[in-house]
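Inside the fold
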Amino acid sequence: MAAMADTPVLYVRTAPAEQLPPPIASTGFIGWLRANMFSSAGNTILTLAFAALIFWAVPPLVRFLFIDAVWSGPNREVCLASPAHPEPGACWAFVRVWLSYFIYGFYPIAERWRVDVFFAALALGIGWLGWLSAPRRDLGALYFFVILPVLSFILLYGFPALGLAAVPTNLWGGVLVTIVVATVGIVASLPIGILLALGRRSELPAVRWFAIGFIEFVRGVPLITVLFMASVMLPLFVPQQLEPDKLLRALIGVAMFASAYMAEVVRGGLAAVPRGQYEAARALALTYWRMMGLVVLPQALRVTLPNIVNIFIALFKDTTLVFVVGIFDFLRAIEAARGDPRWATPVTATTGYAFAALFYFIFCYGMARYARSVEVRLSRSDRR
Amino acid sequence: MAMQKPQDFSAGTSPAETAVQIVGLQKWYGEFHVLRDINLAVARGERIVICGPSGGGKSTLLRCVNRLEDWQRGRVVVDGIELTDDPKQILAVRRNVGMVFQQFNLFPHLTVLENCTLAPIWVRRMPKKQAEELAMRFLARVKIPEQAQKYPARLSGGQQQRVAIARALCMNPNIMLFDEPTSALDPEMVKEVLDTMVELAADGITMLVVTHEMGFARQVADRMIFMADGQIVEINAPKQFFESPQHERTRLFLQQVLH
């Protein structure tokens, strides 16, 4: 009750309170440090611990990857320890010599321009669709989903009638295979996953049970098993001349696997759309597919976008598993090259793996950053 | 029962004059008998207000008219089209029946204008430009044309509900269903929505309104329907309904809501 005495019953301000700058300790660099690094004893300890970790880990890494690294040379001699070079760093010379193998695998050298054209065509498609304010994105979609697959097939597999010699898929390898498997998996898994998710909620029992059976079966089995089954068991049941291509089998396996996961993620998004949205769409006489396509899915996919990208990133890295069925993806190409006796040094494997890590990181981080920017853009309708 | 126009509220009006015809409608949710032997004929241009305690089946009955709910027994004929399991019939009815919900149910990922043009473009196959002109006309009618480019989340509840009304009107419906359109609104926004509905009523569109706004009911209703326990307890002209209700349940209910 003592406090009440200080507060008068009537109060009228006589002079306006002036706007003052904030105290120095709460703004600027010092203020930022205090707020973000040293706001409490616990945070101070964490800050110091991480600073120590960075000082312990980063300089040796930089020294290995850049300062002591060997950038060019004809063979292993340059990367071995010598009196002039007692602590050999990364052997980038090895990567440089083998780079074309990492990218193209055994793709015939004379035909490699076709792979380059494919990469450029794919980049154009991704850029067109990915740049949300690009002109004529409807044409972009047509290009990406119809023209590009046909074009890619003709370019990569060959089309003798057009003078493009056939290149069987067992010659494909490296980045080419990684990109093909990841792209096909990503592009196929979203629509198939959406259909499976819709099927799982269907009112038709046959559709629903098929969707549930497919999703639960594929999710219950490791990707390696799916790939093994596709490559080892399929030939037992199918006559040899009808046997699908090895890469195609792996592609189907990866796409199925990603679709099952995608279906569950999309199902979560569908459940997040309020019932009223379905009712409003139906009351406007929209058919089932229009209701889903125009009203429900845009909202469902928006809330699940982070999870969808998560699946894309996982899928991109899971493409490394296709090596178990004898396909030479990027990582397998590095594996093969590091056994080259001409480059047998203590740092060859480390360099190869560092290169692989960089490659996967750039792609995965790129996808993550892009997804983040899309999320920010899509959240505009939430702004009040 | 003393009744004013229209005299006959059960079946019997000729199809051309009947907007909605409900005969022997029965519906169960599991064991719960939510609609019990509902018989109702709504004439073209008629404005019906349905009131009653919650859980009495008002909303369920309204939602049967555009088949958002199905039923186990009975017939519902809307605009001469019988609602059966045939999706074509259902879509045909929905094209001519607009609905406004308690929770507005605007599409949050579309702008106000896009909310209004969605169905005209995709259901009526109207060119985009024409649909936008139409939408702007109705947005002007509900007095919020300046909000057309905004997303629904940026509007007040009253504005959102007016957009929802405009969205339904863009389909040029013969019948409008209102399911407690003001129940989710802050008190100061109820009036703007009711005013819009009063204007709409003056245009002669057939309206079925579930509401607790008795002032609105008195002002626009041609007939009042009182529902309780899944049954139509009383149908009466508004004047008689409020001044001398015939059924005991109606009297009790009105005492509670009118004070």
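Conventions used here
- Residues numbered from 1 in each chain as written.
- Chains lettered and ligands numbered in written order.
- Predicted model: local features only at pLDDT ≥ 70, side-chain atom pairs only at ≥ 80, totals over all residues.
- Heavy atoms only, no water.
- Helix = DSSP H or I, 4+ residues; strand = E, 2+ residues; numbered from the N terminus.
- Buried < 20%, exposed > 50% of the residue type's maximum accessible area, 1.4 Å probe, protein only.
- Contact = heavy atoms within 4.5 Å.
- Areas by Shrake-Rupley, 256 points an atom, 1.4 Å probe, with all protein chains shown as cover.
- Lys, Arg positive; Asp, Glu negative; His and termini not counted.
- Charge placed at Lys NZ, Arg CZ, Asp CG, Glu CD.
- 1 Å grid on protein atoms, 1.4 Å probe; cavity = no way out; pocket = protein on both sides within 12 Å on 5 of 7 lines; lining within 4 Å.
- Points joined across faces, edges and corners; volume = space filled by probe spheres on them.
- Patch = residues over 30% accessible without salt bridge, like charges linked within 9 Å, V, L, I, M, F, W, Y side chains within 5 Å.
- Salt bridge = Lys/Arg side-chain N within 4 Å of Asp/Glu carboxyl O.
- pLDDT = per-residue confidence, 0-100.
- Buried area = accessible area lost by both parts, 1.4 Å probe.
- Polar contact = N/O pair within 3.5 Å; in protein donor to acceptor, adjacent residues only side chain to side chain.
- Nonpolar A, V, L, I, M, F, W, Y, C, P; charged D, E, K, R; others polar.

1. Description of the overall build of chain B
From N to C terminus, chain B includes nine helices and 10 strands. Dimensions of chain B along its principal axes, counting C-alpha atoms only, are 50 × 45 × 35 Å. The proportion of buried residues among the 259 residues of chain B is 58%. Considering only contacts within chain B whose residues lie at least 6 apart along the sequence, 66% involve residues at least 24 apart. With the model as given, the accessible surface of chain B reaches about 11,100 Å², and the carbon-plus-sulfur share is 49%. Averaging the locations of the 30 positively and 29 negatively charged side chains of chain B gives two centres separated by 4 Å.

2. Side note on the layout of surface pockets
All names here are of chain A. In this model, the largest pocket occupies a volume close to 2,100 Å³. Looking at the largest pocket, it is lined by 43 residues, and the ones nearest its centre are Leu129, Gly130, Leu132, Arg137 and Tyr370. Among the secondary structure elements, those contributing two or more residues to the lining of the largest pocket are helix H5 (112-130), helix H6 (137-157), helix H7 (174-200), helix H12 (288-318) and helix H14 (348-378). At 10 residues, H12 tops the list of elements feeding residues into the lining of the largest pocket.

3. Here's the deal with a nonpolar patch on the surface
Residues and elements named next belong to chain A. A cluster of nonpolar residues, Phe217, Ile224, Phe228, Met229, Val232, Met233, Leu236 and Phe237, forms a patch on the protein surface that exposes about 800 Å² of accessible area. Within the secondary structure, methionine 233 is located in helix H9 (residues 223-237). Under the relative-accessibility criterion, methionine 233 is labelled partly exposed at 36%.

4. With respect to the confidence of the model for chain B
Residue and element names in this part refer to chain B. For chain B, the mean per-residue pLDDT works out to 91, and 93% of the residues sit at or above 70. Within the model, pLDDT remains below 50 along residues 1-13, and this stretch shows 23 contacts once partners closer than five positions in the same chain are excluded. Scored by ipTM, the complex comes to 0.90, with pTM at 0.83.

5. Description of the interface of chain A and chain B
Counting from both sides, the interface comprises 23 residues of chain A and, opposite them, 25 residues of chain B. Counting the surface lost from both chain A and chain B, the interface buries some 2,200 Å², and carbon and sulfur atoms represent 61% of this. Summed over the shared surface of chain A and chain B, the result is one salt bridge. Between B:Arg63 and A:Glu279 there is a salt bridge, with its nearest N and O atoms 2.7 Å apart. Taken together, chain A and chain B are joined by seven residue pairs in polar contact (both at pLDDT 80 or more). Elements that contribute at least two residues to the side of chain A that touches chain B include exactly helix H11 (275-283) and H12 of chain A. By residue number, the principal contributor to the side of chain A that touches chain B is H11(A), which donates eight residues. Considering only residue class, the side of chain A that touches chain B consists of nine nonpolar, five polar and nine charged.

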